[in-house]
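Here is what each chain is made of, one letter per residue.
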Amino acid sequence: AKMDELRDAIDRDGFGFAAAELAATGECIGFVGITRTDYLPFLPAGAVEIGWRLAPEYWGKGYVTEAAEAWLVYGFETLGLDEVVSFAVESNRRSTAVMERLG
Ligand SMILES: CC(C)(COP(=O)(O)OP(=O)(O)OC[C@H]1O[C@@H](n2cnc3c(N)ncnc32)[C@H](O)[C@@H]1OP(=O)(O)O)[C@@H](O)C(=O)NCCC(=O)NCCS
């Protein structure tokens, strides 16, 4: 159901939080992507967010940072975005660590 919801956003905007697959096997391990996020009052209007979620057995292998770096290249170079934002609750250290690795 979540993937259907994410697919609708991709159909609407041309990009979104997309299935992340292991290159070697094609197995779906979660999602990584950029999406328009206009429902949060602390974000600028029309903000594009980068976000991620993997099944826990795939944490700690660098997959999210690898995929997110590729999404940032796509967002800045192909889509010509000026800014991509990300946010998490402070206690979510694994997620803020990805943000720090991405700069
Ligand atoms: C947030 C989340 C996506 C982070 O996943 P992650 O696996 O820690 O992030 P990365 O894929 O960047 O992996 C980095 C880890 O892989 C390790 N790693 C192993 N092999 C690696 C390699 N070849 N290259 C890079 N890193 C590698 C790194 O050392 C790092 O480990 P550490 O955290 O123990 O230092 C994951 O915890 C998650 O899905 N959480 C639940 C959903 C969630 O909170 N989403 C965000 C909401 S704001």
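Scroll up to find the structure.
One structure accompanies this document, and this report is about it.

What counts and how
Going along each chain's sequence as written, the residues are numbered from 1 onward. The predicted origin of the model limits local features to residues at a pLDDT of at least 70 and limits the giving and counting of side-chain atom pairs to 80 or more, whereas totals for whole chains, interfaces and linings rest on all residues. Here the side-chain values reflect all heavy atoms present in the structure, with hydrogen atoms and water set aside. Numbering of helices and strands starts at the N terminus; helices are DSSP runs of H or I of at least 4 residues and strands are runs of E of at least 2. Only C-alpha atoms enter the radius of gyration, while the globule expectation follows 2.2 Å times N to the 0.38, with N the number of residues. We call a residue buried when its accessible area falls under 20% of the maximum for its residue type, exposed when it is over 50%, and partly exposed in between, using a 1.4 Å probe and counting protein chains only. We get accessible surface area from the Shrake-Rupley algorithm with a probe of 1.4 Å; when it comes to residues, only the shown protein chains can shield them. Positive residues here are Lys and Arg, negative ones are Asp and Glu, while His and the chain termini are left out of the count. One atom stands in for each charge, and that atom is NZ of Lys, CZ of Arg, CG of Asp or CD of Glu. Distances are taken per atom, and a residue is near a molecule or strand as soon as one of its heavy atoms is within 4 Å of it. Two N or O atoms count as a polar contact when they lie within 3.5 Å, although within protein this holds only if one can serve as hydrogen donor and the other as acceptor, and sequence-adjacent residues are included solely when both atoms are side-chain atoms. Residue classes follow a fixed rule: Ala, Val, Leu, Ile, Met, Phe, Trp, Tyr, Cys and Pro count as nonpolar, while Asp, Glu, Lys and Arg count as charged, and any other residue, Gly among them, counts as polar. Aromatic contacts are taken between Phe, Tyr and Trp rings whose centres are within 6.5 Å, Trp giving its six-membered ring; a plane angle under 30 degrees counts as stacked, one over 60 as edge-to-face, and the others as tilted. Among the buried residues, those of types Ala, Val, Leu, Ile, Met, Phe, Trp, Tyr and Cys that are joined through side-chain atoms within 4.5 Å form a nonpolar core. Throughout, a contact is declared for two residues whenever any of their heavy atoms are within 4.5 Å.

### Here's the deal with the overall build of the chain
For step 1, the next point in the chain: Within the chain, the regular secondary structure consists of three helices and three strands.
For step 2, the next point in the chain: In the chain, the succession of α and β elements from N to C terminus is α-β-β-β-α-α.
For step 3, the next point in the chain: A globule of 103 residues ought to have a C-alpha radius of gyration of about 13 Å, and the chain, at 13 Å, matches this closely.
For step 4, the next point in the chain: Dimensions of the chain along its principal axes, counting C-alpha atoms only, are 35 × 30 × 30 Å.
For step 5, the next point in the chain: Considering the chain as a whole, with its 103 residues, one finds that 40% of them fall into the buried category.
For step 6, the next point in the chain: Here the chain displays about 6700 Å² of accessible surface, and carbon together with sulfur accounts for 51% of that area.
For step 7, the next point in the chain: Averaged over its 9 positive side-chain charges, the chain has a centre that lies 6 Å from the centre of its 17 negative ones.

### With respect to the site of the ligand
For step 1, the next point in the chain: Around the ligand, 17 residues are found, and the nearest of them are Leu54, Gly60, Val64, Thr65 and Asn92.
For step 2, the next point in the chain: One of the backbone N or O atoms of leucine 54 is found 2.8 Å from an oxygen atom in the ligand.
For step 3, the next point in the chain: Between the ligand and the protein, one listed contact pairs an oxygen atom with a backbone N or O atom of glycine 62 at 3.1 Å.
For step 4, the next point in the chain: In the complex, the protein chains occlude 62% of the 950 Å² of accessible area that the ligand would expose alone.
For step 5, the next point in the chain: When residues of the shell around the ligand are traced back to their parent elements, those giving at least two are strand S3 (48-54), helix H2 (63-78) and helix H3 (93-102).
For step 6, the next point in the chain: It is H3 that contributes the most residues to the shell around the ligand, four residues altogether.
For step 7, the next point in the chain: Residues belonging to the shell around the ligand are distributed by class as follows: eight nonpolar, five polar and four charged.

### Focus on the packing of aromatic side chains
The geometry of an aromatic ring pair is captured by the separation of the ring centres together with the interplanar angle, meaning the angle of the planes.
For step 1, the next point in the chain: Per the stated rule, a full pass over the model turns up three aromatic pairs.
For step 2, the next point in the chain: Between the aromatic rings of phenylalanine 17 and phenylalanine 31, the centroid separation amounts to 5.1 Å while the plane-to-plane angle is 15 degrees, which identifies the pairing as stacked. With phenylalanine 17 in strand S1 (residues 17-21) and phenylalanine 31 in strand S2 (residues 28-36), this pair connects stretches of sequence that are 14 residues apart. Of the two residues, phenylalanine 17 and phenylalanine 31, neither departs from the other in class, the shared state being buried.
For step 3, the next point in the chain: Judged by centre distance (5.7 Å) and plane angle (90 degrees), the rings of tryptophan 71 and tyrosine 74 are edge-to-face.

### A few points about the nonpolar core
For step 1, the next point in the chain: If you look at the biggest cluster of nonpolar residues, it comprises 21 residues, and the most contacted ones within it are Ile34, Ile50, Trp52 and Trp71.
For step 2, the next point in the chain: Breaking this core down by element, the ones donating at least two residues are S1, S2, S3, H2 and H3.
For step 3, the next point in the chain: Dropping the residues within four chain positions of it, isoleucine 50 is found in contact with Phe17, Gly33, Ile34, Ala68, Trp71, Leu72, Val84, Val85 and Ser86.

Geometric values such as these leave the question of function open.
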